[in-house]
Amino acid sequence: LTAWRSRVEQITGWEGSEANRIDRFAVTAAIGATVLAALLSFFSYQRHPHLGDEIAYLYHARYLATGVLAMPMPIPLEAFDLDLFDHDAARWYCSPPVGWPLVLALGVLVNADWLVNPVLGGICVLLAFLLVSELYDRRTARLTALLLALSPWHALVSMSYMTHTASLAFALLAAVAVVWVGKSGSFLWALLSGASVGMVGMVRPLEGAIVGGLIGLWIIGVGGKRLKISGLAAWALGCGVLGTAIFYYNFTLTGSPVKFPIMVWADKYMGVNSNAMGFGPDRGNGWPIDPYPGHSPLEGVINSNLNITAINTELFGWATGSLILIALLCFSLKLPGQAHKSDWKMVALIAAVFIAHFFYWFSGGPDFAARYWYLMIVPGVVLSVRGLQVMINRLTHGEHQPHLHKTRALVAVLSLSLMALVNFTPWRAIDKYHHYNQMRPDVLRLAKEHNFGKSLILIRGEQFPDFASAAIYNPIDLKADAPVYAWDQNQSLRNEVLKLYSDRPVWIVNGPSLTKAGFQIVEGPLSAQTLLERQQMASR
């Protein structure tokens, strides 16, 4: 313990000045988080979406990167349609909110879409350090940055194509900018904070309402310093500009500024009010992982229990359970001098996320732990660090050699996180997320090996995962001189597709749900005419 004392204190900044807003440790932690998520994205996730949501986000980003808000209707639609896609008489488009695909489009433009979330994951670590250093001190900020960078939950979400890392990054940026505008009175920081809140709303509308409500209370003096009128106006302007953009986007696709495409899609394909907030028998769509039909307070309790259990497992991946230090903090808050005024800001965010999602019918399922509660991750880490500090205070009170107990506690926490990095994170990445949902990029390898070129590839199997895994590699223009992947759903649909693409060689490929492995070529290359004649012979 004596030998480790100086090393641990150097890492955590437990001893030393409180000076700099940012230091090399925070930058190193942020880079480490990005590298970890990028390695997981490359080797475990294989730079390939694994959920229907991710397919929609990436497809959306790809056509936004070409400068359009919708695509022409594919013909026949049934051979190319995917989950979360909607259409009208002439247009075909993705229904989820546009904010995350806009950010992801930046990666598409440089052919590095798989790196966008890992980079945002590192930015979240850096922003968390900046925020906590302002609300607490450098020691708390360093430990927060370190534990967040080592968090399996943060790493695995950051390796994906999901929206949550972007939402967290903009929420943290909004909070940091508010703190700085309170110190400097800068119009630009207030504008940036408001715009960041607007971006949270563009990425995840419910989370935008949560973050906007909490920061709105903060800037009018509830729990923080009240901004000047100019600052309030700048913050509102930043929110308003992005809000106007959302209304314009909604109007363009649905004809109404207040009708989100995702809600129109849900009402059309899942049932009216199926995706709405609140309680009632019409909520939900009957998924097997939805506990009961509809939504009720009882189901809200069940969903909450599932999410708490998932966080206890995946926040840190500790063998002790990830919530052990938060529990210690909660039981110690009644002691004099144990609570910090900023603890209540963290509790407020956790409570707001909990309450808002209590009225939503779905917990988020098994994908990336309690992903609907992902905004809780930073307050969860901060309160864990505060629990560690409380434990150290209890252990060292009145002791002859307090530094030994302090070092023992710090080494124990760091050891738990390092064990999780060695054991838990690779296990989750390999056992769960490698080829998750049978989604795999093998068809891209086949295309290169067999030089598909300008051809038609008929994908046999289910729409998800078989066709969805291949469809993400379709060109935005389905008439382009590139491989076109179509769902071989039935013979009638096949014949229609063959007639439309009669000038292309045809390959028939079995998907993973049929092979129980990767994509496999059944036949090809064949002419469309040969397959049509074969069908005519078989029908006689």
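Remember, predicted model here, so these are calculated numbers, not experimental data. (Residues numbered from 1 in each chain as written. Predicted model: local features only at pLDDT ≥ 70, side-chain atom pairs only at ≥ 80, totals over all residues. Heavy atoms only, no water.)

Visitor: It is not clear to me how the packing of helix α16 (residues 377–396) against helix α17 (residues 402–433) should be interpreted in this structure. Could you clarify?
Guide: When two helices pack together, their arrangement is given by the angle between their axes and by how far apart the axes lie. At a minimum axis distance of 8 Å, the contact between α16 and α17 shows a crossing angle of 150°. When the axes of α16 and α17 are compared, the pair comes out roughly antiparallel. The two elements α16 and α17 meet at a crossing, and its hand is right-handed. Residues Leu-388, Met-391, Ile-392, Leu-395 and Thr-396 of α16 lie in contact with α17, whose contacting residues are Pro-402, His-405, Lys-406, Ala-409, Leu-410 and Val-413. (Axes fitted to C-alpha atoms, helices over the stretch in contact; angles between N-to-C directions. Helix = DSSP H or I, 4+ residues; strand = E, 2+ residues; numbered from the N terminus. Parallel < 35°, antiparallel > 145°, perpendicular 65-115°, else oblique. Left-handed = near helix turned anticlockwise from the far one by under 90°. Contact = heavy atoms within 4.5 Å.)

Visitor: Would you mind going over the sheet that holds strand β6 (residues 505–510) with me for this structure?
Guide: Sheets are built from strands that pair by backbone hydrogen bonding, the pairs being arranged parallel or antiparallel. Read from one edge to the other, the open sheet built from four strands follows the order β5-β4-β6-β7, with strand pairing classed as mixed. Strands with a single pairing partner mark the edges of an open sheet, and in this sheet they are β5 (484–487) and β7 (520–527). Direction aside, the axes of adjacent strands within the sheet are offset by 25° on average. In the sheet, strand β4 (residues 456–460) pairs with β6 via five bridges, with the strands oriented parallel. Of the residues in β6, the one forming a bridge with Ile-459 is Val-509. Relative to β5, helix α19 (residues 463–471) is tilted by about 165°, and along the sheet it contacts β4 and β5. (Pairing = 2+ DSSP bridges.)

Visitor: Got a minute to help me understand the nonpolar core in this structure?
Guide: Note that soluble globular proteins tend to have their nonpolar side chains buried in a common cluster. Residues Tyr-59, Trp-100, Trp-153, Phe-368, Ile-377 and Ile-459 are the most contacted members of the largest nonpolar core, which totals 154 residues. Ranked by the residues each element gives to this core, the list is headed by helix α8 (residues 164–184), at 13 residues. Within the second largest apolar cluster, 16 residues are counted, among which are Ala-79, Val-484, Leu-493 and Ile-508. (Core = buried A, V, L, I, M, F, W, Y, C linked by side-chain atoms within 4.5 Å. Buried < 20%, exposed > 50% of the residue type's maximum accessible area, 1.4 Å probe, protein only.)

Visitor: Could you clarify how one ought to interpret the environment of His-295 in this entry?
Guide: By the secondary structure assignment, His-295 is in the loop between α12 (261–269) and α13 (297–314). For His-295, a relative accessible area of 4% corresponds to the buried category. Taking the C-alpha atoms as reference, His-295 lies 4.9 Å from Phe-279; in sequence the two are 16 residues apart. If near-sequence neighbours (up to four positions away) are discounted, His-295 is found in contact with Gly-278, Phe-279, Gly-280, Arg-283, Gly-300, Asn-303, Phe-358, Phe-359, Tyr-360 and Trp-361. Among the polar contacts made by the side chain of His-295, one reaches the main-chain carbonyl oxygen of Tyr-360 at a distance of 3.2 Å. (Polar contact = N/O pair within 3.5 Å; in protein donor to acceptor, adjacent residues only side chain to side chain.)

Visitor: Even after reading the chapter, I still don't get the pairing of strand β3 (residues 91–94), so can you show me in this structure?
Guide: For a regular strand, the rule is simple: side chains alternate between the two faces of the sheet. Here strand β1 (residues 71–72) pairs with β3 via two bridges, running antiparallel. Looking at β3, one finds that Pro-72 is bridged to Arg-91. In the sheet, strand β2 (residues 85–87) pairs with β3 via three bridges, with the strands oriented antiparallel. Paired with His-87 across the two strands is Trp-92, which belongs to β3. Here β2 folds back onto β3 in antiparallel fashion, the turn holding three residues.

Visitor: Would you mind showing me how to read helix α2 (residues 24–43) here?
Guide: Spanning 20 residues, α2 covers 28 Å between terminal C-alpha atoms, matching the ideal 28 Å at 1.5 Å per step. Residues of α2 that are buried make contact with α1 (2–12), α5 (116–135), α6 (138–150), α7 (152–158) and α17. (Expected span 1.5 Å × (residues − 1).)

Visitor: What's the story with a nonpolar patch on the surface in this structure? I'm lost.
Guide: Together, Ile-22, Val-27, Ile-31, Val-35, Leu-39, Phe-42 and Phe-43 make up an exposed nonpolar region whose accessible area comes to about 620 Å². Assignment of secondary structure puts Phe-43 in helix α2. (Patch = residues over 30% accessible without salt bridge, like charges linked within 9 Å, V, L, I, M, F, W, Y side chains within 5 Å. Areas by Shrake-Rupley, 256 points an atom, 1.4 Å probe, with all protein chains shown as cover. Salt bridge = Lys/Arg side-chain N within 4 Å of Asp/Glu carboxyl O.)

Visitor: What is the right way to read the confidence of the model for the protein chain from this model?
Guide: Regions with low pLDDT carry predicted coordinates that are not meant to be interpreted in detail. Averaged over every residue, the pLDDT of the protein chain is 93; the share at 70 or more is 97%. Across residues 15–20, where pLDDT falls below 50, the model places six contacts with residues more than four positions away in sequence or in other chains. (pLDDT = per-residue confidence, 0-100.)

Visitor: Would you mind showing me how to read the pairing of β5 here?
Guide: The side-chain alternation of β5 yields two buried faces, one formed by Val-484 and Ala-486 and the other by Tyr-485 and Trp-487. By the bridge criterion, four bridges tie β4 to β5 in an arrangement that is parallel. Paired with Leu-458 across the two strands is Ala-486, which belongs to β5. The β-α-β motif built from β4, the intervening α19 and the parallel element β5 has right-handed crossover chirality. (Right-handed = clockwise from strand over helix to strand, strands pointing away.)

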